[in-house]
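Working through the structure, step by step
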Amino acid sequence: MSELDVVIVGGGAAGLSAALVLVRARRRVAVVDAGRPRNAAAARMQGYLGADGWAPAALLSAGREEVTGYGGELLSGAVTGVARGLGASDRRPQFDVRLEDGRALSARRILVATGLRDQFPDVPGARERWGRDVLHCPYCHGHEVRDRPLGVLGGTPEALMHVQLVRQWSADLIYFAHGAEVSAAQREQLAARAIDVVDEPVSRLVIEDDRLVGVELATGRLVPRTAVFVRPRFVATDDLLDGLGAVRGDTGWVTTDATGRTSVTGVWAAGNVANPRAQMITAAGEGSAAAIAINNDLTEEDVADAVAAWRLGVPA
């Protein structure tokens, strides 16, 4: 098993961006991707400079072509474990990477870019319409549903702030508290921006002719809406980082420095696995920053190796 410079786990925007930087730096890189992108349901991505309105799959396809064009290796499959290799140390990290089909890789450094998964509210219709007319990010989708009858589904601590944000895109907006308490001060804030409040629990989202037509309440009343924003719970896909012993912060997410370096020597994280707020363009930038830091780290090791060899009279 030949040793790679870097194994990148996750082939989304963060992972592919990092791979592109590293292969252009003439590093031996493999990207392992399970093929389950978080944004698979989204037809378009917005706010990505130069690629606004592209299908996410098209951007990733172009990225894969760029990485392989420079000699990077793309592997399909899920990584089941990453462990420190025999003889590895903090001064010289080395990792063994295991794939679910039995394949094994060896690498000097690891970048985890496995993203996160969304836990949806338990409302019939929410999961089925996700990324279409049930939306999360107003920066990603707000412009496309501007000035329409919109709703925001409550039930999470962030929902009240979310509805105030969505208000920038439509004046016809309803906050569905979904049984959650709304304080007098919060009601005043909502009223000040002409946001209606519906206190009754939501029973389901009503779909007709493959589109959202309204929100049905537990009382049976139908409130017409054309799109609904929700705040799902974000759960990092960070089992690999846990297995390596990466430190978590007060928020529960794995901590990194500005380059994505984790507490584990030789291991970086980029994108949604460490930053739940990262959009595709943010994740791509984090992947690039991590790649530059990883290459610098590898170069320091290369220099130390070269000096040791030179002292022994071994030619470079």
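For clarity, every value in this text was computed on a predicted model and none was experimentally measured.

What counts, and where the lines are drawn
- Residues numbered from 1 in each chain as written.
- Predicted model: local features only at pLDDT ≥ 70, side-chain atom pairs only at ≥ 80, totals over all residues.
- Heavy atoms only, no water.
- Helix = DSSP H or I, 4+ residues; strand = E, 2+ residues; numbered from the N terminus.
- Buried < 20%, exposed > 50% of the residue type's maximum accessible area, 1.4 Å probe, protein only.
- Lys, Arg positive; Asp, Glu negative; His and termini not counted.
- Charge placed at Lys NZ, Arg CZ, Asp CG, Glu CD.
- Core = buried A, V, L, I, M, F, W, Y, C linked by side-chain atoms within 4.5 Å.
- Contact = heavy atoms within 4.5 Å.
- Polar contact = N/O pair within 3.5 Å; in protein donor to acceptor, adjacent residues only side chain to side chain.
- Phe/Tyr/Trp six-rings, centres within 6.5 Å; stacked < 30°, edge-to-face > 60°.
- Pairing = 2+ DSSP bridges.

Concerning the overall build of the chain
Counting secondary structure elements, the chain contains seven helices and 17 strands. A buried classification covers 47% of the 316 residues belonging to the chain. Seen as two clouds, the 34 positive and the 39 negative side-chain charges of the chain have centres 3 Å apart.

Notes on the nonpolar core
The biggest cluster of nonpolar side chains holds 29 residues, and the ones touching the most others in it are Ile8, Val29 and Leu111. Among the elements that take part in this core, helix α7 (residues 280-311) stands out by supplying eight residues, more than any other. Residues in contact with Leu111, not counting those within four places in the same chain, are Val6, Val7, Ile8, Val9, Ala18, Trp268, Ala269, Ala270, Ala290 and Ile294. Counting 25 residues, the second largest nonpolar core, distinct from the first, contains Val7, Ile110, Leu240 and Ala274.

Quick look at the side chain of Thr262
By secondary structure assignment, the location of Thr262 is in the loop between α6 (239-244) and β17 (267-269). For Thr262, a relative accessible area of 7% translates into the label buried. Looking at Thr262, its side chain comes within polar contact range of the main-chain nitrogen of Val264, at 3.1 Å.

A closer look at the packing of aromatic side chains
Throughout the structure, instances matching the rule amount to two aromatic pairs. Where Phe120 meets Trp130, the ring centres are 4.7 Å apart and the plane angle is 80°; that geometry is what we call edge-to-face. Of this pair, Phe120 sits in the loop between β7 (116-119) and β8 (134-135) while Trp130 sits in the loop between β7 and β8, and the two are 10 residues apart along the sequence. By relative accessible area, Phe120 is classed as buried at 18%.

Let's talk about the sheet that holds strand β11 (residues 196-198)
Read from one edge of the open sheet, five strands run β8-β15-β9-β10-β11, paired in parallel fashion. Both outer strands of the open sheet, β8 and β11, are each paired with one neighbouring strand and no more. Both strand β9 (residues 150-153) and strand β10 (residues 173-176) contribute to a ladder of four bridges, which runs parallel. Considered in β10, the bridge of Leu150 is made with Leu173.

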